[in-house]
Structure formats: structure tokens, C-alpha cells
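Single-letter residue listing:
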Amino acid sequence: MKLDEFIYKGSQKMRCGYTTGSCAAAAAKAAAEMLLTGRRTDTVELMTPKGILLRPDITEQIVGSDFASCAVIKDSGDDPDVTDGIRVCAAVRTSDSGVRILGGEGIGRVTKAGLDQPVGEAAINSVPRKMITSAVMEIAEKYGYSGGFEVTVSVPGGEELAYKTYNPRMGIEGGISIIGTSGIVEPMSNTALVETIRTEAKMRRAEGQRNMLLTIGNYSESFVQNELPFSLERSVTCSNFIGDAIDIGLELGFESILIVGHIGKLVKLGAGIMNTHSSWADGRMDVLVTCGVLAGADADTLKRLPDCATADAAMDILDEAGYLEKTVKVLEKRMEYYLRARVKEQVRIAAVSFSYKRELIIKTSLADELIEAVRGEENG
């Protein structure tokens, strides 16, 4: 069954899907019913936390003497999710009482503190665990069964698939995670990406880190590895979601926040743009024109900037005209102003921005101090 729920991204109509957590709960519910009745079932109904009713197809049904198992095919809708089409399986046995949920083949194990589950546990998050428990107990009530269940969730091929996810970086080894808070996958969901940032930040905080290091992506990670005096392993990748990552740092009680990113992204901070994806806001040339005006650049130079495709190209023009150094100084002050406004003086915050093309490094006023704080914390 494909989910008949849609959202709009701009003018584009996009179909929603359902999470691995919904798949696991539906498979467990079907397996529990087969176990108690001795009969195969082809479908079940599952109410998601979002209030959307699912009727996924049930496949690979097996009814044994003391267990039943089946699978649900993951449907990610129009979301570009690497888990789309995987089989999420559940095997259910009876037990004396309660519901025990185990991770089988292809389910990762938590290896670092600060994640949704304790170290050593299967990476089946708390909301899916509640969904699974509710689903099988609904079947128990339906058939007057007063005992418990043991539910083993597995994903064939999950260990190989995990290398295409953030799991190895985030302290989950040996397979994928069973996740989801609403039960529904919204295509290209910003919420899901922000939750990934929160999870990684919580893990860093649980490791004892007090100073938060935010990187934007591959460029900034390479810069940290090659140019800064601490390891990349302590960083939290925030992609375009700088503002959300800062808010998470405040929420988790970090004492300082250091942001490292390429000038093509961080120049937008000079206008207070905290989501740097081009679909959200561009503003790069507007920022540089404004900074150029405040730096005293002549009108002919400034008129050339809006036609530039990259921040580096605009800086070439400013450099040729002799205004780059003064423009960068203005940009530093504007970046700092908006960063400090975001945190409202609750923590120390700084940004380091760079351009590989011209060996340019832009630092707000507290950058060197926070670089030393991160280095000192790492080295004890």
C-alpha cells in the first residue's frame, strides 16, 4: 500500500511515506495476530502518532509452532531516503508478561552515550518502541491474551545499508536505526534534519564536551582537519541549519559555540540569514554590496557585484579595486552582531570563515578564544 498523503514544497506536490518505526510496529502487530490465531494475515491497520491511519501490506508471513514473523516494505514516498524499499521484519513469541523488544539482523547497536537508547541497546528509538508495544498489546486485548510478547525486529541487509547513513559517525554500529517520531515521512523534511543535528549534539554533550563545534559540510570539515588544532570527531554537522543548531546548543547547555564554514555559506550571516540553503534565502551579493558601501567602495565597483555567481568572484572584484580588506572587516562585525543577537548573550559565540581560492580567513572577535577553548578541552 502506498500512502495517499501529500504535502507541498513550493508548487510541487510530494507524496509522504512512513517511517521504519511504523514498519516495525505494523509487522509486529501482524506477527502477534498470526501467532495468537495461527492464521496468516495480509494487512493490518496502524494508527501513527501523527493521527494518520496506515494499512501496509504484510509479506513473508511465517507461522511456526511457537512464533510468527512477517515483513513490511518501507515506503519513503517522494523523500530521497536510502531506506526506501527495505524489508522491516518482526518475529514475535509469547512470554510471561510485558513486551520485550530486541534488535536482530541489520539493526545497529548504540555505542556512545547521549543517543535515544542507552549504550549497548538495539538502536530502536523510544517512539517506535512505544508504537510496537501498543500494537501488540492491542492484539492481545483483541483475543483475550493476558501474557506478554518478545518482539525481534530485523532488517535484512541493514548492516551494509548503514554505511550510507550517519549511523557510524553518530555511534551506532552494525546496522540501521528504527526511528520516527510521527510515524510519517515528509519528503525532504527539515524537521528530520534538525533532529539529526540534535541527536549528534546530545551525543557530544554526553561525552562531556562544553564547547560546541559546528561544521557546515565537506569544505568546513576539510578545513578543520587541515587548519585547526583539534580533531574533526568532536564536531556537529549542521549543514544549512545554522540557526537551529545554535538553538540546540543553547538548549543542551553548551558554554560556547564555534561555527566553521566556507565564505560562500557564512557570508549570509552578515544579513542575519541563519538557514543558508539557497532555496530559503540567498543574499550573498546583497551582503557584500552592503558591506562594500559601508567600507567606502565606489559605485562602479559595487554595481559589478550582483552579477557574480559566487562570493569568491565578488571578492575578486573588491580585491582588484582595493576594497576587500575593509569590506571583510565590516562583514566580520555584521556576522558577529547577528550571531550575538541569536544567542542573546547567553553563551560565547564566534565564526571562522575561509576561502580556499585566496587564503582568506574571516574571524569574528571571539574566534581565536573559542578555538583555544575547543583545543584545550580536547587535550584535557
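The present account deals with the structure reproduced in this document. All figures in this text were calculated on a predicted structure; none of them were measured in a lab. (Residues numbered from 1 in each chain as written. Predicted model: local features only at pLDDT ≥ 70, side-chain atom pairs only at ≥ 80, totals over all residues. Heavy atoms only, no water.)

On to the sheet that holds strand β9 (residues 99-103), then. Spatially, five strands are ordered β6-β7-β8-β11-β9 in an open sheet, and the strand pairing comes out mixed. Only two strands of the sheet have a single partner each, and these edge strands are β6 (59-63) and β9. Ignoring strand direction, the axes of neighbouring strands in this sheet form an average angle of 15°. Contacting β6, β7 (67-73), β8 (87-95) and β11 (148-154), helix α1 (residues 20-37) runs over the sheet at an angle of about 40° to β8. (Pairing = 2+ DSSP bridges. Helix = DSSP H or I, 4+ residues; strand = E, 2+ residues; numbered from the N terminus. Axes fitted to C-alpha atoms, helices over the stretch in contact; angles between N-to-C directions. Contact = heavy atoms within 4.5 Å.)

With respect to the helices and strands, Arg205 occurs in helix α4 (residues 190-206). Judged by its relative accessible area of 27%, Arg205 is partly exposed. Sequence spacing of Arg205 and Ala113 is 92 residues, and the spatial spacing of their C-alpha atoms is 9.0 Å. In contact with Arg205, other than residues within four places in its own chain, are Arg210, Leu252, Gly253 and Phe254. (Buried < 20%, exposed > 50% of the residue type's maximum accessible area, 1.4 Å probe, protein only.)

Attention now moves to the pattern of salt bridges. Under the definition given, this model contains 23 salt bridges. Linking Asp66 and Arg93 is a salt bridge whose minimum nitrogen-to-oxygen distance equals 3.2 Å. One end of the pair, Asp66, is in the loop between β6 and β7; the other, Arg93, is in strand β8, with 27 residues separating them in the sequence. Overall, Arg93 belongs to the partly exposed group, its relative accessible area being 36%. (Salt bridge = Lys/Arg side-chain N within 4 Å of Asp/Glu carboxyl O.)

Our focus in this paragraph is the sheet that holds strand β15 (residues 236-237). Within the open sheet, the five strands sit side by side as β15-β14-β16-β17-β18. Their pairing is mixed. Bordering the open sheet on either side are β15 and β18 (360-363), each of which pairs with just one other strand. Both strand β17 (residues 348-355) and β18 contribute to a ladder of four bridges, which runs antiparallel. Bridge pairing links Val352 to Lys363 in β18.

Another aspect to go through is the packing of aromatic side chains. Scanning the entire structure with this criterion turns up five aromatic pairs. Geometrically, the ring pair formed by Tyr219 and Tyr356 is edge-to-face, given 6.4 Å between the ring centres and 85° between the ring planes. Taken together, the positions of Tyr219 in helix α5 (residues 218-227) and Tyr356 in the loop between β17 and β18 put the pair 137 residues apart, joining distant regions of the chain. Looking at Tyr219, the relative accessible area reads 54%, which means it is exposed. Look at Phe223 and Phe354: their rings are 4.2 Å apart centre to centre, the planes differ by 0°, and that puts the pair in the stacked class. Within this pair, whereas Phe223 is found in helix α5, its partner Phe354 is found in strand β17, the two being separated by 131 residues in sequence. With a relative accessible area of 2%, Phe354 lands in the buried category. Through successive ring pairs, a cluster of aromatic residues spans Tyr219, Phe223, Phe354 and Tyr356. (Phe/Tyr/Trp six-rings, centres within 6.5 Å; stacked < 30°, edge-to-face > 60°.)

Another point: the environment of Tyr338. Among the secondary structure elements, Tyr338 is positioned in helix α11 (residues 324-343). For Tyr338, a relative accessible area of 26% gives the class partly exposed. In this structure the C-alpha to C-alpha distance between Tyr338 and Thr310, which are 28 residues apart in sequence, comes to 22 Å. In this structure Tyr338 touches Leu269, Gly270, Ala271, Gly272 and Met274, once residues within four positions along its chain are discounted.

Next up on the list: the packing of helix α8 (residues 284-294) against α11. Viewed as axis vectors pointing N to C, α8 and α11 meet at an angle of 115°, and their least axial separation amounts to 8 Å. As the angle between them shows, α8 and α11 are arranged roughly perpendicular. Crossing of α8 over α11 shows right-handed handedness. Contact residues: Val287, Leu288, Thr290, Cys291, Gly292 and Leu294 in α8; Thr327, Val330, Leu331 and Arg334 in α11. For the contact of α8 with α11, the per-class residue count stands at six nonpolar, three polar and one charged. (Parallel < 35°, antiparallel > 145°, perpendicular 65-115°, else oblique. Left-handed = near helix turned anticlockwise from the far one by under 90°. Nonpolar A, V, L, I, M, F, W, Y, C, P; charged D, E, K, R; others polar.)

The next thing to look at is helix α6 (residues 242-251). For α6, the set of buried residues is Ile242, Gly243, Ala245, Ile246, Ile248 and Gly249. Close packing links the buried residues of α6 with α4, β14 (211-215), β16 (256-262), α7 (263-266), α11 and β17. Once α6 finishes, Gly253 follows within two positions and takes phi at roughly 85°, a positive value.

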